[in-house]
Amino acid sequence: MEHPENSEEFAGLTVNKGVAPVQSINPHLKRGRYARRRLTAGDYVEGILRGDTSVLGQAVTLVESQNPDHQRVAQEVIEKCLPFTGKSIRVGISGVPGAGKSTSIDEFGLHVLSEHGGKLAVLAIDPSSERSKGSILGDKTRMEKLAVHPDSFIRPSPSAGSLGGVARKTRETIFLCEAAGYDKIFVETVGVGQSETACHSMVDFFLLIQLAGTGDELQGIKRGIMEMADGIVVNKCDGNNVEKCQLAASHFRNALSIFPPPESGWQPKVLTYSGFYALGIKEIWDMIYQYIAFTKSNGYFEQRRKEQSKYWMYETISEQLRGGFFRNPTIRDMLRREEQSVLEGRKTSFVAAKQLLDAYYKLI
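Keep in mind it's a predicted model, so treat the numbers as computed, not measured. (Residues numbered from 1 in each chain as written. Predicted model: local features only at pLDDT ≥ 70, side-chain atom pairs only at ≥ 80, totals over all residues. Heavy atoms only, no water.)

Student: Hey, could you run me through unusual backbone geometry in this one?
Tutor: Its identity as a non-glycine residue notwithstanding, Lys-236 has a phi of 65°, on the positive side. By secondary structure assignment, the location of Lys-236 is in the loop between β6 (231–234) and α10 (242–257). Despite not being glycine, Ala-278 shows a phi value in the positive range, around 60°. Of note, Ala-278 is situated in the loop between β7 (269–272) and α11 (281–298). The class of Ala-278 is partly exposed, set by a relative accessible area of 36%. (Helix = DSSP H or I, 4+ residues; strand = E, 2+ residues; numbered from the N terminus. Buried < 20%, exposed > 50% of the residue type's maximum accessible area, 1.4 Å probe, protein only.)

Rendered as structure tokens:
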């Protein structure tokens, strides 16, 4: 019996049916009533120039999309926004993981907004997992003060396998933010150490955050990212760590003194500060503005931006060629066969790659 309690011997007991389950969706809801309207390129440009952060965020998502239709609209938006770009100070911020980049950006941003006004955009790049291909995108949670500031815009993006510490579309995102009226832009890299060339090629000032007492002084003396830095700052200079930070700063100064002078003519400075306690932030910003004024006076500022434009022209060509190769239907079919040949040991990877490229050249 399904309900023995309802048998005759339990005549005094009854089982109520209970409350009927409530539908999770309102039956009176009209389908499609609240669907987001698809914006045109003109709508995006109008919203961006108006400073609408919602439209700006959607435009950045459009730029980052791999969908060919989205890419066509995104390129049109970028072209229409270009006349309104180029009037910001672009600062790249890099350092080893755990150096305090996000915490420092929170303090850097608050200082520059309170002292110099204007608007600040933070483009934070999160490393993507090699296994799941996903990213946490949680940098905004470590920028608690900037996240609620009315004049700041924080946009985390996945690196999506891109090397150089930034995402593939970060440069285009910079243009959109400039068109939206953001006159100060931070680009926070993933902190991969000594391969931040892509970030260096899209900013005006490259700031390297270092730590003391981690054995990184010798690593810092190595060429690479040290040569690209326009300024080096040693973080967590507080409490019992002050002497270690000052010693590390002297080591970095010694390392910089043996490097060839930069093309800008600027001698990179080494400062100490505490991002957690907001100590020494003003001195860092004074250094950045001194650098901007110095490079503008000797013409290097404009020269560097022109060189950056040329660099990204070649990068775009490389990206388009790569995309065209892998999107080609004939190549996609050949790839499966060539992959199998390589896996079975019938061909070397170099021979298979050459045959694929030869076939692609004939197709185009």
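More follows now that the structure is in view.
Student: What should I look at first to understand the side chain of Asn-328 in this one?
Tutor: Mapping Asn-328 onto the fold places it in the loop between α12 (300–327) and α13 (329–343). A residue is classified by how much of its surface remains accessible, and Asn-328, at 17% relative accessible area, is buried. Ignoring any residue separated from it by four or fewer positions in sequence, one finds Asn-328 in contact with Tyr-360 and Leu-363. (Contact = heavy atoms within 4.5 Å.)

Student: Would you explain the packing of aromatic side chains in this entry?
Tutor: Where two aromatic rings form a pair, the distance of their centres and the angle of their planes describe that pair. Counting across every chain of the model gives twelve aromatic pairs. Seen in terms of ring centroids, Trp-266 and Phe-294 are 5.9 Å apart; in terms of plane orientation they differ by 55°. Their pairing is tilted. Linking Trp-266 in the loop between α10 and β7 with Phe-294 in helix α11, this pair joins segments that are 28 residues apart in sequence. Ring geometry for Trp-285 against Tyr-289: centres 5.6 Å apart, planes inclined by 40°, an arrangement best described as tilted. Here Tyr-289 and Trp-285 lie together in helix α11, a separation of four residues that amounts to about one turn. (Phe/Tyr/Trp six-rings, centres within 6.5 Å; stacked < 30°, edge-to-face > 60°.)

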